[in-house]
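Topology and contacts: notes
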Amino acid sequence: MKTLKYIWLLCLTAALSASLASCNDDDDAAGSSPISVSQVYLERADATVKERPVDFVRLGQTIRIEGSGFKGLKALYVNGFDTYFNTAYVTDNSMIVSIDNDTPVSDAPDDVRNTIRFVKSGTEFVYEFTIRAASPIITGIDNTLPMPGETVVVRGENLQETSLVTLPGGTQVTDITNAPVEEDGEWFSFTMPAGVTAYGAITIECANGTAVSPEYFNNGACMILNFDGTGAQGSWGWSETGSMIDASDLVDDPLGTGRGKVLQLVPERLLAGDGVAAGKSRATECWTAGNDDARDDWTWMTEFIPAATPLAEVAFQFDIYVPEPWSGTGHIQVSLMNNFNFGGIGSDDDADSKQCAFCCPWIKDGEVVPFSTAGWQTVTIPFSEFRKYGAEIADGGTPTFQEVIDDRLAASYRNFGMGFVNTDFTYDGVEVVSTPFKQRIYIDNWRIVPYGSEVISDFPDEDEEEEEQ
């Protein structure tokens, strides 16, 4: 009986040895078999096209790689980054992997950028494949109505290595300054060329794809007042020490860039001596002509901005030049009609029922940051930030541009105005105790612009299919 037992154990040992030898042979073969890639597919369960052949992938996306020789894979490096993969989703001819959000893109070393490296025990393979960050987005343009030769700064996200800017009308700009490494992808700049008369959106090409701005670049179609003949300025009760600004208070463009006359928000006559006193509301005020001017019925603007446009997609813009750092006191109030007292932030003008908005550029993200500009810069205030309309949106409403037009037409005095206020106030969590103000602030080109943004799809054909459905 013992003899039979020993014979059985010897047979089992022999069988196991043969099996292990076979497995080792298979592993050795898999570890040294060549790797190839024939196609990469983007996997998207929530899309019309669930699996799409692609030639690039963005961080956070999942891809399926087809080819051969994936069995025995030990490591995967995307742009040099050691990327996790689940062996349960690996066969010899296919594997699924998600691109880690920590994968370097523009800061990846040149020798590994836009590569996927497959490593096995006995061989490896490098596949050239474009890796991109999230889609580029334009969030703002510092100078949307530039004169030829002025610098335009475009701000946003994932704008790394912008190489081409196409202006309205088709003019292309390739001489571009990109942000430094510490601000990589946050902005780029270019010089405005001469001869661009068209207006609309700018389109940019960068390492992460294509982005389009709102259609407000070079856009003066809905100009309210440019202080040089477009739009009419209104004034009444002017005095040497009063708040009202009339044509005699306008000044020549201090930069000499060809803008003609501009508004000095606090005229020299009020800056003389001790300047604007602390605690002063309605320090200055500048208005359009109001009821006496046909252009103050904004119905004419619907040729350029449809009346049904949501107010989050319509904005008031003006250009500002502040030569010396401004901080510590003072802010700007914008009033849709002449029904308000220029009391400023925290006053009755700041109530949810009022068609007023406020601008305090030296307070940013809850901190005091002295504000100055090297040249003319654009300020954009969406109508969703005017108190009445913002409150409606917060309550679930969808106010449109038609409501703005109707509110102005219903007003007793439909002058559109801007003024300077030097009161105590709290803004973005910062408590401000006013002090005497002696700052020069220059303003130009009051205008209404479209503000709707567009995200360029990686797959426009899929978007067209969804629209047809």
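A separate point is the overall build of the protein. The number of helices and strands found in the protein is five helices and 33 strands. Computed over C-alpha atoms, the radius of gyration of the protein comes to 31 Å, more than 25% over the 23 Å expected from 2.2 N^0.38 for 469 residues, which places it beyond the range of a compact globule. In terms of its C-alpha atoms, the protein occupies a principal-axis envelope of roughly 125 × 45 × 45 Å. Counting the 469 residues in the protein, one finds 46% classified as buried. In the protein, of all internal contacts separated by at least 6 residues, the share reaching a separation of at least 24 is 72%. Only carbon and sulfur atoms are counted for the fraction: they give 49% of the accessible area of the protein, which is about 22100 Å². Of the charged side chains in the protein, 29 are positive and 72 negative, and the gap between their average positions amounts to 4 Å.

It is worth spelling out the confidence of the model for the protein at this point. Mean pLDDT over the protein stands at 92; residues scoring 70 or higher make up 92%. Low pLDDT, under 50, characterises residues 1-23; the predicted model gives this stretch zero contacts beyond four residues in sequence or across chains. Overall, residues 464-469 carries pLDDT values under 50, and its contacts beyond four positions in sequence, including any with other chains, amount to two contacts.

For Phe-227, which is not a glycine, the phi torsion comes out positive at approximately 65°. Checked against the element boundaries, Phe-227 lands in the loop between strand 19 (223-225) and strand 20 (233-234). For Asp-428, which is not glycine, the phi dihedral falls at a positive 55°. With respect to the secondary-structure elements, Asp-428 resides in the loop between strand 31 (425-427) and strand 32 (430-432).

Attention now moves to the environment of Ala-272. Structurally, the position occupied by Ala-272 is in the loop between helix 2 (268-271) and strand 23 (280-288). Sequence separation between Ala-272 and Ile-131 is 141 residues, and the spatial gap between their C-alpha atoms is 59 Å.

This next bit is on the sheet that holds strand 5 (residues 73-78). Spatially, 6-5-8-9 is the arrangement adopted by the four strands of the open sheet, whose pairing is antiparallel. Taken across any chain shown, the strands that pair with only one partner, and hence form the sheet edges, are strand 6 (81-82) and strand 9 (124-128). As paired elements, strand 5 and strand 8 (residues 115-120) share five bridges and run antiparallel to each other. Looking at the pairing, Tyr-77 lines up with Arg-117 of strand 8.

Here helix 4 (residues 401-410) has its buried residues at Phe-401, Val-404, Ile-405, Asp-407 and Arg-408. For helix 4, the angular spread of the buried residues around the axis is 165°, confining them to a single face.

Per the stated rule, a full pass over the model turns up 19 salt bridges. A salt bridge links Asp-142 to Arg-155, with the nearest nitrogen and oxygen atoms 2.9 Å apart. Taken as a pair, Asp-142 in the loop between strand 11 (137-141) and strand 12 (151-157) and Arg-155 in strand 12 lie far apart in primary sequence, 13 residues in all. Residue classification places Asp-142 among the buried residues on the basis of a relative accessible area of 15%. The closest approach of N and O atoms between Glu-150 and Arg-259, which form a salt bridge, is 3.2 Å. Of this pair, Glu-150 sits in the loop between strand 11 and strand 12 while Arg-259 sits in the loop between strand 21 (251-252) and strand 22 (261-264), and the two are 109 residues apart along the sequence. Per residue, the accessibility class of Glu-150 equals that of Arg-259, and both read buried. Overlapping salt bridges, with partners in common, bring together Glu-150, Arg-259, Asp-319, Asp-444 and Arg-447 in one network.

Attention now goes to the nonpolar core. Counting residues in hydrophobic clusters, the biggest one holds 58 residues, and the most contacted among them are Trp-298, Phe-318, Phe-383, Phe-401, Trp-446 and Ile-448. Ranked by size, the runner-up nonpolar core spans 22 residues in total, among them Phe-70, Val-90, Val-97 and Phe-129.

Relative to the elements of secondary structure, Ser-335 occurs in strand 25 (residues 331-335). Of the polar contacts made by the side chain of Ser-335, one reaches the side chain of Gln-333; its length is 3.2 Å. Not counting residues up to four positions away in its chain, the partners in contact with Ser-335 are Trp-287, Phe-340, Phe-342, Gln-355, Cys-356, Asn-415, Phe-416 and Gly-417.

This brings us to the packing of aromatic side chains. With the rule as written, the count across this model stands at 21 aromatic pairs. Look at Trp-300 and Phe-304: their rings are 6.5 Å apart centre to centre, the planes differ by 80°, and that puts the pair in the edge-to-face class. Classification of Phe-304 as partly exposed rests on a relative accessible area of 33%. Consider the rings of Tyr-321 and Trp-376, whose centres lie 6.0 Å apart with planes at 45°: the pair is tilted. Here Trp-376 lies in the loop between strand 28 (367-368) and strand 29 (377-382) and Tyr-321 lies in strand 24 (residues 314-321), a separation of 55 residues in the sequence. For the pair formed by Tyr-321 and Trp-376, the shared burial category is buried. In this structure an aromatic cluster arises from ring pairing among Phe-227, Trp-298, Phe-316, Phe-318, Phe-416 and Trp-446.

Procedures and definitions
Residues numbered from 1 in each chain as written. Predicted model: local features only at pLDDT ≥ 70, side-chain atom pairs only at ≥ 80, totals over all residues. Heavy atoms only, no water. Helix = DSSP H or I, 4+ residues; strand = E, 2+ residues; numbered from the N terminus. Rg over C-alpha atoms; globule rule 2.2 N^0.38 Å. Buried < 20%, exposed > 50% of the residue type's maximum accessible area, 1.4 Å probe, protein only. Contact = heavy atoms within 4.5 Å. Areas by Shrake-Rupley, 256 points an atom, 1.4 Å probe, with all protein chains shown as cover. Lys, Arg positive; Asp, Glu negative; His and termini not counted. Charge placed at Lys NZ, Arg CZ, Asp CG, Glu CD. pLDDT = per-residue confidence, 0-100. Pairing = 2+ DSSP bridges. Arc of directions from axis to C-beta. Salt bridge = Lys/Arg side-chain N within 4 Å of Asp/Glu carboxyl O. Core = buried A, V, L, I, M, F, W, Y, C linked by side-chain atoms within 4.5 Å. Polar contact = N/O pair within 3.5 Å; in protein donor to acceptor, adjacent residues only side chain to side chain. Phe/Tyr/Trp six-rings, centres within 6.5 Å; stacked < 30°, edge-to-face > 60°.

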